[in-house]
Amino acid sequence: MDKPLFETTVVNNEGVDGVAYVDEPTGLRVITSSPTTQAPGTNPEELFGLAITTCLNATIQSLLKARGASNKSQVTSNIQLKREQNGIGFYFNVDIYASIENLSLEEATQIILSAEKRCPVSKLTKGAETLTIHTVDYKDTHE
């Protein structure tokens, strides 16, 4: 049970102005930049958004599949970088919007809440006062 299902090493030695990478020969490499500039690259806000939306939606899909359902689902996030009230430091304000095709909001909410308890990224943010998950009506954005 102690053996990991997956393990990776990610390196950043330049902060938000440089390159972050997965420490593998063909690993992902991304240019990083501050979200407060127009410099090309990505930032922690975008990377966190990708992580939480991908993990939560994969967990929703897993729960649907376990129920024998093939409904589409979608998770989007809005992530804001805000300054602490005291002016020292920053925090993320995160709103996540999750939806499941052809389910009532009540049914979708139950699955989404269950997914939130199981998603590894959601477990990292459990109890975060600045993160809220909302269940919304499904709208296919690929139409």
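As shown above, the structure is provided for reference.
Treat the numbers as computed from the prediction; the structure is a model and nothing was measured.

**Topic: the overall build of the protein chain**
Each helix and strand counted, the protein chain has three helices and six strands in total. Oriented by its inertia axes, the alpha-carbon framework of the protein chain measures out at about 45 × 40 × 35 Å. Counting every position in the protein chain, which comprises 143 residues, the buried fraction comes to 29%. Approximately 10100 Å² of the protein chain is accessible, and the part contributed by carbon and sulfur atoms is 52%. Between the centroid of the 12 positive side chains of the protein chain and the centroid of its 18 negative side chains there is a distance of 6 Å.

**Re the sheet that holds strand 2 (residues 18-22)**
Each strand in a sheet pairs with another by means of backbone hydrogen bonds, the pair being arranged parallel or else antiparallel. Here three strands make up an open sheet; going across it, the order is 1-2-3 and the pairing antiparallel. If you trace the sheet from one side to the other, it starts and ends with strand 1 (10-12) and strand 3 (29-32), each paired once. Taking the axes of each pair of neighbouring strands and ignoring which way they run, one obtains an average angle of 20° across the sheet. With three bridges connecting them, strand 1 and strand 2 associate as antiparallel partners. Looking across to strand 2, one finds that N12 is bridged to A20.

**What about the packing of aromatic side chains?**
Taken as a whole and assessed by the stated rule, the structure comprises one aromatic pair. The ring of Y21 is capped by R29, whose NZ or CZ atom sits 4.8 Å from the centre of that ring.

**Overview of the side chain of T125**
For T125, the position within the fold is in the loop between helix 3 (120-124) and strand 6 (131-135). T125 sits in the buried class, given a relative accessible area of 16%. Here T125 is in contact with F48 and L131, once residues within four sequence places are set aside.

**As for helix 2 (residues 105-118)**
In this model, helix 2 (14 residues) spans 20 Å end to end at C-alpha, consistent with the 20 Å of a helix rising 1.5 Å per residue. Those residues of helix 2 not exposed but buried are A108, I111, I112, S114 and A115. For helix 2, the angular spread of the buried residues around the axis is 160°, confining them to a single face. The outward face of helix 2, more than 90 degrees from its buried face, is lined by the exposed residues E106, Q110 and K117. Taken together, the buried residues of helix 2 touch helix 1 (44-66), strand 5 (90-100) and strand 6.

**Observations regarding unusual backbone geometry**
With a phi close to 60°, N102 is a non-glycine residue in the positive phi region. Residue classification places N102 among the exposed residues on the basis of a relative accessible area of 67%.

**With respect to the nonpolar core**
L56, I60, V75, I96, I100, I111 and I112 are the most contacted members of the largest nonpolar core, which has 18 residues in total. For this core, the elements supplying multiple residues, two or more each, are helix 1, strand 5 and helix 2. The element that contributes the greatest number of residues to this core is helix 1, accounting for six residues.

**Description of the sheet that holds strand 5**
The three strands lie next to each other as 4-5-6, forming an open sheet whose pairing is mixed. Looking at which strands have only one partner, the edges of the open sheet turn out to be strand 4 (73-83) and strand 6. On average, each strand axis in the sheet is inclined to that of its neighbour by 15°, with strand direction left out of account. One ladder, built from five bridges, connects strand 5 with strand 6; its direction is parallel. What sits directly across from Y97, in strand 6, is H134. Against the sheet, helix 1 touches strand 4, strand 5 and strand 6, its axis set at about 150° to strand 4. Packing of helix 2 onto the sheet brings it into contact with strand 5 and strand 6, and relative to strand 6 it is tilted by some 145°.

Conventions we followed
Residues numbered from 1 in each chain as written. Predicted model: local features only at pLDDT ≥ 70, side-chain atom pairs only at ≥ 80, totals over all residues. Heavy atoms only, no water. Helix = DSSP H or I, 4+ residues; strand = E, 2+ residues; numbered from the N terminus. Buried < 20%, exposed > 50% of the residue type's maximum accessible area, 1.4 Å probe, protein only. Areas by Shrake-Rupley, 256 points an atom, 1.4 Å probe, with all protein chains shown as cover. Lys, Arg positive; Asp, Glu negative; His and termini not counted. Charge placed at Lys NZ, Arg CZ, Asp CG, Glu CD. Pairing = 2+ DSSP bridges. Axes fitted to C-alpha atoms, helices over the stretch in contact; angles between N-to-C directions. Phe/Tyr/Trp six-rings, centres within 6.5 Å; stacked < 30°, edge-to-face > 60°. Lys NZ or Arg CZ within 6 Å of the ring centre and 35° of its normal. Contact = heavy atoms within 4.5 Å. Expected span 1.5 Å × (residues − 1). Arc of directions from axis to C-beta. Core = buried A, V, L, I, M, F, W, Y, C linked by side-chain atoms within 4.5 Å.

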